[in-house]
Amino acid sequence: MFLKNLKIQIFSPVVIVMVMMAQLSFAQLINPALPGDNPDPSVIRVGNTYYATSTTNEWAPYFTIYKSTDLKNWTLINHVFPNGYKDMQNEWGENNFWASELAYDADQQRIYAYYTAHNRGVAGNPGLQCGVAWIDVDKIETGKFTDNGPVIIEDDCGAIDAFEFKDKGKIYVFWKNDGNGCGKESWIWVQEINKERTKLIGEKRKAFTKSQPWEDALVEGACFFRKGGYIYSLYAVGGCCDANCNYKTGLARTQDILSGDWEKYENNPVMVGNENWQCPGHGTVVDSPDGKLYMMYHAFNKNYDVFVGREGIVEELVMTDDGWPMPHNATVNNRAKSDLNFQEDFTKAKKLNLAWQWPSKDLRPELAFNKGLELIGSDKNHNLGTFLGQYIKSVNFDIETEITVSSATSGICLGGAIFKSKWPGELGGIGI
C-alpha cells in the first residue's frame, strides 16, 4: 500500500498544535501547550530553550521530547526510545511506560530522562520500576539516549513517578512507592543517587504522604523546586485517568530535604477542576530567564471530555504574601482551531514523521518511502496487520488521503475511532 497525501482538518472551536506558530509574549500563554494526549508532562530549561516530555503509555516510540523557546510553540523533536523497548537496556521494559521526567545536569552538559516501566522479568505489580536514560545536550535533536536500565527498585509494591532534585551539591531522587496498587500505604520517598545515575546511595527516607482531610486517596506525581529559603512540592491526589477522575493538586514545603518535616499549605488543594479543565495535576515547575515560575501539568479538556486524553497545560505561579508559589487555576483554552490541522505529503518525505505511533509490544512497522509511504503487510500485531496511528486532537474532524493499493493479502483501512477502554480513559485515534 502506498499512502501519498494525508490531511486532517479540524472543525471544532478549540486547541491543539502540530505546527509552529507566531512568537508571542510570555504574558499571553497559549493552552493547551501540548495538545492531545500528553500525560504527566515534565519541562526543563537549558539556557533560553525549554525541553518537555510526556507519558506514551502503551504506544511506541516511548516518551516524547518537545522543544520550545517561549513555552507556547512546541515542536516534537525526538523520543527517548524511538524504537520502543528495543532501545532499552536488555529490553527490560514490558509495558506501563509512564511518567517520564527530565533533569538537566549543567556540569555534565547532559539531559537525563527518568521513567517508569514494568520489568518483563518480574511478575505482578512490584515489577514497576524507574529507569534512567541520558543524552548529551548538543545531541538532543538528532542523537540517541543511552539507557542505564532500572535504577529505582522498590520492594513495597513497585516504584513510579521519579523526580530528580539537586541540593547542597548532592543529587537526590524522589519517587512514590506504588502501595495503592497492592493495598498498602503510598509514600513519597527520597534518596541520594550517584552522579552517573546508575544506583541509589545513602539512606532511603520518607518525605510525605496523605495527611490532610481533602487527601482522600493516594499522593503521587510530586515535583520539587527551590524558591528563597524553601524547597516546595506540588503533588497530585486522587484518580487521574478516566471520565470519573478526581485529580487535584496540593502544595507543601520544607527547609531541609532530608528532615521529613514537610509543611502542607493550609488552604490545599491549590488547583482543582474548573469550567475549562478536568482533573489537573502531575506536572513540573520551570523558571524563565527573567526569574518567573511556570508549571506544566496535564488536564482533560472539557470541550472534548476525555477522548483526546490529558493535554499539557502551562500557567504562571505567583508568590503569595505569606510565601507560597500559587497557580491561579483559571487557565483558558485559547489555542486557535487552525493550529490543530495536520497535513503530510508522503511523496516528499524521507523518514517517518515523529507524530506516528504503533503498539508498544510490536516492533516498528516495516515501511519504506518510494514516491509515497509504503506500508508492508505483517502479522506481528496479533495477526491484525501493520498499523500506524496517532491520537486525535479533536472529536470533530475530516480526513482526506490518497492511497495506491499494490498487491495486498489483507484489507486496508484509514479512519478515526473512539477506543473504549478502562485505561487510560477513553482515548480516540486515527490509524492506517
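Residues numbered from 1 in each chain as written. Predicted model: local features only at pLDDT ≥ 70, side-chain atom pairs only at ≥ 80, totals over all residues. Heavy atoms only, no water.

This part is about the pairing of strand E30 (residues 428–431). Residues of E30 alternate between two faces, with Gly 428 and Ile 430 on one and Gly 429 and Gly 431 on the opposite face, all of them buried. In this sheet, E30 lies alongside strand E27 (residues 389–391) in antiparallel orientation, the contact comprising 3 bridges. By the bridge assignment for E30, Tyr 391 is matched with Gly 429. (Buried < 20%, exposed > 50% of the residue type's maximum accessible area, 1.4 Å probe, protein only. Helix = DSSP H or I, 4+ residues; strand = E, 2+ residues; numbered from the N terminus. Pairing = 2+ DSSP bridges.)

What follows concerns the sheet that holds strand E18 (residues 263–264). Here we have 4 strands laid out as an open sheet, ordered E15-E16-E17-E18, and antiparallel in their pairing. With partners counted over all chains shown, the strands left at the sheet margins are strand E15 (219–227) and E18, one partner each. Across 7 bridges, the pairing between strand E16 (residues 230–237) and strand E17 (residues 248–254) is antiparallel. When the bridges of E17 are listed, Leu 234 appears paired with Leu 251.

Let us now look at the nonpolar core. Core analysis: the biggest nonpolar cluster contains 39 residues, and Met 88 and Ile 111 have the highest contact counts within it. Contributing elements (two or more residues each) for this core: strand E2 (42–46), strand E5 (62–68), strand E6 (75–81), strand E7 (93–105), strand E8 (110–119), strand E9 (128–136) and strand E26 (373–375). Not counting the four nearest positions on each side in its chain, Ile 111 is found in contact with Ile 44, Val 46, Tyr 51, Leu 102, Ala 103, Tyr 104, Ala 133, Trp 134, Ile 135, Val 137, Ile 140 and Phe 145. Within the second largest apolar cluster, 36 residues are counted, among which are Ala 207, Ala 222, Val 237 and Met 295. (Core = buried A, V, L, I, M, F, W, Y, C linked by side-chain atoms within 4.5 Å. Contact = heavy atoms within 4.5 Å.)

Time to look at the packing of aromatic side chains. In total, this model carries 20 aromatic pairs according to the counting rule given. Residues Trp 92 and Tyr 115 carry aromatic rings whose centres are separated by 6.0 Å and whose planes lie at 35 degrees to one another, so their mutual orientation is tilted. Highlighted residues: Trp 92 in the loop between E6 and E7 and Tyr 115 in strand E8, separated in sequence by 23 residues. Residue class for Trp 92 comes out buried when judged on its relative accessible area of 4%. Judged by its relative accessible area of 1%, Tyr 115 falls in the buried class. On the numbers, 5.1 Å between centres and 55 degrees between planes, the contact of Tyr 265 with Trp 324 is tilted. Separated by 59 residues along the polypeptide, Tyr 265 in the loop between E18 and strand E19 (277–287) and Trp 324 in the loop between strand E21 (310–319) and strand E22 (325–327) bring together distant segments of the chain. (Phe/Tyr/Trp six-rings, centres within 6.5 Å; stacked < 30°, edge-to-face > 60°.)

Side chains that carry opposite charge are capable of pairing whenever their charged atoms lie near each other. What the rule picks out here adds up to 19 salt bridges. Arg 45 is the partner of Asp 287 in a salt bridge, and the nearest nitrogen-oxygen pair spans 3.3 Å. One end of the pair, Asp 287, is in strand E19; the other, Arg 45, is in strand E2, with 242 residues separating them in the sequence. Residue class for Arg 45 comes out partly exposed when judged on its relative accessible area of 23%. Asp 87 is paired through a salt bridge with Lys 144; the nearest N and O atoms lie 3.2 Å apart. (Salt bridge = Lys/Arg side-chain N within 4 Å of Asp/Glu carboxyl O.)

Another aspect to go through is the state of the cysteines. Taken as a whole and judged by the stated rule, the model has 3 disulfides. One disulfide bridge connects Cys 240 with Cys 241, the sulfur atoms lying 1.7 Å from each other. Between Cys 240 and Cys 241, the S-S torsion sits near -60 degrees, and that sign places the bridge as left-handed. Grouping residues by exposure puts Cys 240 and Cys 241 together as buried. Bridging Cys 245 to Cys 279, the disulfide has an S-S length of 2.0 Å. Residues Cys 245 and Cys 279 are joined through a disulfide that is right-handed, its torsion about the S-S bond being 100 degrees. Taken as a pair, Cys 245 in the loop between E16 and E17 and Cys 279 in strand E19 lie far apart in primary sequence, 34 residues in all. Across this residue pair, the class does not change: Cys 245 and Cys 279 are buried. By sequence order of its bonded cysteines, the protein has the disulfide arrangement 1-2, 3-4, 5-6. (Disulfide = S-S within 2.5 Å.)

Turning to the environment of Phe 342, a few remarks are in order. Looking at where Phe 342 falls in the secondary structure, it is placed in strand E23 (residues 342–345). The exposure class assigned to Phe 342 is buried, which follows from its relative accessible area of 8%. Linking Phe 342 and Ile 399, residues 57 residues apart in sequence, is a C-alpha distance of 9.6 Å.

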